[in-house]
Amino acid sequence: MSSRTSPISQWITIRRAVARDAKRLTRLVRGSSAYEGKYAAAVAGYKVGPDYIEAHRAFVAVGADEHGGRVLGFYSLVLAPPELDLLFVADEAQGRGIGRLLVAHMQSEARAAGLDRVRVVSHLPAADFYHHVGAVRTGTALANPPAVAWDRPEFEFRIPPD
């Protein structure tokens, strides 16, 4: 599926991630300003490898005009149990609707896979984003030190049938 019809969709394509995207996706995760300071430990050493891309439904948002085909964001959908495992948008591309396009694409993929809901354990700074794109707060995931030393909000996307 390509992006929806909106001004942003004219220059964004969403495609399946491939093994050669692994280094770019890893840089996007590690370079995210949402994981600076006290959150840095959660992504220090994190790697999105070719094996991860092959094992999950990972998709990238690619700029098709002035961005020269650059990866601007990505997500990963795990089918069993249904979970949005990763969703990142490059810092310089945030606020342009790319995250919203990725969520809409994820919901379409979930629907096609027969899912009726998708869980998200949110990073604290992303909680408002998930709420604004339609996820419903369902609880709290407790800290899991040493990688994640803080509680995180849990959300759920409810996927209506077509």
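Our structure is the block above this text.
Attention in this report is confined to the structure presented alongside it. No experiment lies behind these values; they were computed from the predicted model shown.

Calculation notes
- Residues numbered from 1 in each chain as written.
- Predicted model: local features only at pLDDT ≥ 70, side-chain atom pairs only at ≥ 80, totals over all residues.
- Heavy atoms only, no water.
- Helix = DSSP H or I, 4+ residues; strand = E, 2+ residues; numbered from the N terminus.
- Buried < 20%, exposed > 50% of the residue type's maximum accessible area, 1.4 Å probe, protein only.
- Contact = heavy atoms within 4.5 Å.
- Polar contact = N/O pair within 3.5 Å; in protein donor to acceptor, adjacent residues only side chain to side chain.
- Salt bridge = Lys/Arg side-chain N within 4 Å of Asp/Glu carboxyl O.
- Pairing = 2+ DSSP bridges.
- 1 Å grid on protein atoms, 1.4 Å probe; cavity = no way out; pocket = protein on both sides within 12 Å on 5 of 7 lines; lining within 4 Å.
- Points joined across faces, edges and corners; volume = space filled by probe spheres on them.
- Nonpolar A, V, L, I, M, F, W, Y, C, P; charged D, E, K, R; others polar.

## Points about the environment of serine 76
Part 1 of the argument: Within the secondary structure, serine 76 sits in strand S3 (residues 71–79).
Part 2 of the argument: A relative accessible area of 0% places serine 76 in the buried class.
Part 3 of the argument: Once the C-alpha coordinates of serine 76 and histidine 131 are considered, the two residues, 55 residues apart in sequence, prove to be 19 Å apart.
Part 4 of the argument: Not counting the four nearest positions on each side in its chain, serine 76 is found in contact with Tyr52, His56, Arg57, Ala58, Glu83, Leu84, Asp85 and Leu86.
Part 5 of the argument: Looking at serine 76, its side chain comes within polar contact range of the side chain of tyrosine 52, at 2.8 Å.

## Section: the pattern of salt bridges
Part 1 of the argument: For the structure on display, the rule yields ten salt bridges.
Part 2 of the argument: Among the salt bridges present, the one from arginine 119 reaches glutamate 83, with a minimum N-O distance of 3.5 Å. With arginine 119 in strand S5 (residues 117–121) and glutamate 83 in strand S4 (residues 82–89), this pair connects stretches of sequence that are 36 residues apart.
Part 3 of the argument: Two residues, aspartate 162 and arginine 111, come together in a salt bridge whose shortest N-O distance is 3.5 Å.

## As for the pairing of strand S2 (residues 57–63)
Part 1 of the argument: S2 sits mainly inside the fold: six of its seven residues count as buried.
Part 2 of the argument: As judged from the five bridges shared by strand S1 (residues 12–16) and S2, these two strands associate in the antiparallel manner. For isoleucine 14, the partnering residue across the bridge sits in S2 and is alanine 61.
Part 3 of the argument: The pairing of S2 with S3 spans six bridges and is classified as antiparallel. Among the inter-strand pairings, alanine 61 is bridged to a residue of S3, identified as glycine 73.

## Some remarks on the side chain of aspartate 21
Part 1 of the argument: By the secondary structure assignment, aspartate 21 is in the loop between S1 and helix H1 (22–30).
Part 2 of the argument: According to the relative accessible area criterion, aspartate 21 is buried, its value standing at 0%.
Part 3 of the argument: Ignoring sequence-local partners within four residues, the contact set of aspartate 21 consists of Arg15, Arg16, Ile53, Val60 and Val71.

## Quick notes on the environment of threonine 140
Part 1 of the argument: If you trace the backbone, threonine 140 turns up in strand S6 (residues 136–141).
Part 2 of the argument: Threonine 140 sits 13 residues away from proline 153 along the chain, and the two C-alpha atoms are 4.5 Å apart.
Part 3 of the argument: With near-sequence residues (within four places) excluded, threonine 140 lies in contact with Asp151, Arg152 and Glu154.
Part 4 of the argument: Looking at threonine 140, its side chain comes within polar contact range of the side chain of arginine 137, at 3.0 Å.

## Brief notes about the layout of surface pockets
Part 1 of the argument: There is about 820 Å³ of room inside the largest pocket.
Part 2 of the argument: Contributing to the lining of the largest pocket are 36 residues, with Tyr35, Leu87, Phe88, His123 and Ala126 lying nearest its centre.
Part 3 of the argument: Secondary structure elements with two or more residues in the lining of the largest pocket: S4, helix H3 (98–112), S5 and helix H4 (127–132).
Part 4 of the argument: Classifying every residue of the lining of the largest pocket by side-chain character gives 22 nonpolar, eight polar and six charged.
Part 5 of the argument: Looking at the second largest pocket, its volume works out to about 180 Å³.
Part 6 of the argument: Surrounding the second largest pocket, Arg24, Arg27, Leu28, Gly31, Ser32, Arg70, Val71, Val89, Ala90, Asp91 and Glu92 form its lining.
Part 7 of the argument: Here the lining of the second largest pocket takes three residues from H1, the largest share from any one element.
Part 8 of the argument: A class-by-class count of the residues in the lining of the second largest pocket yields four nonpolar, two polar and five charged.

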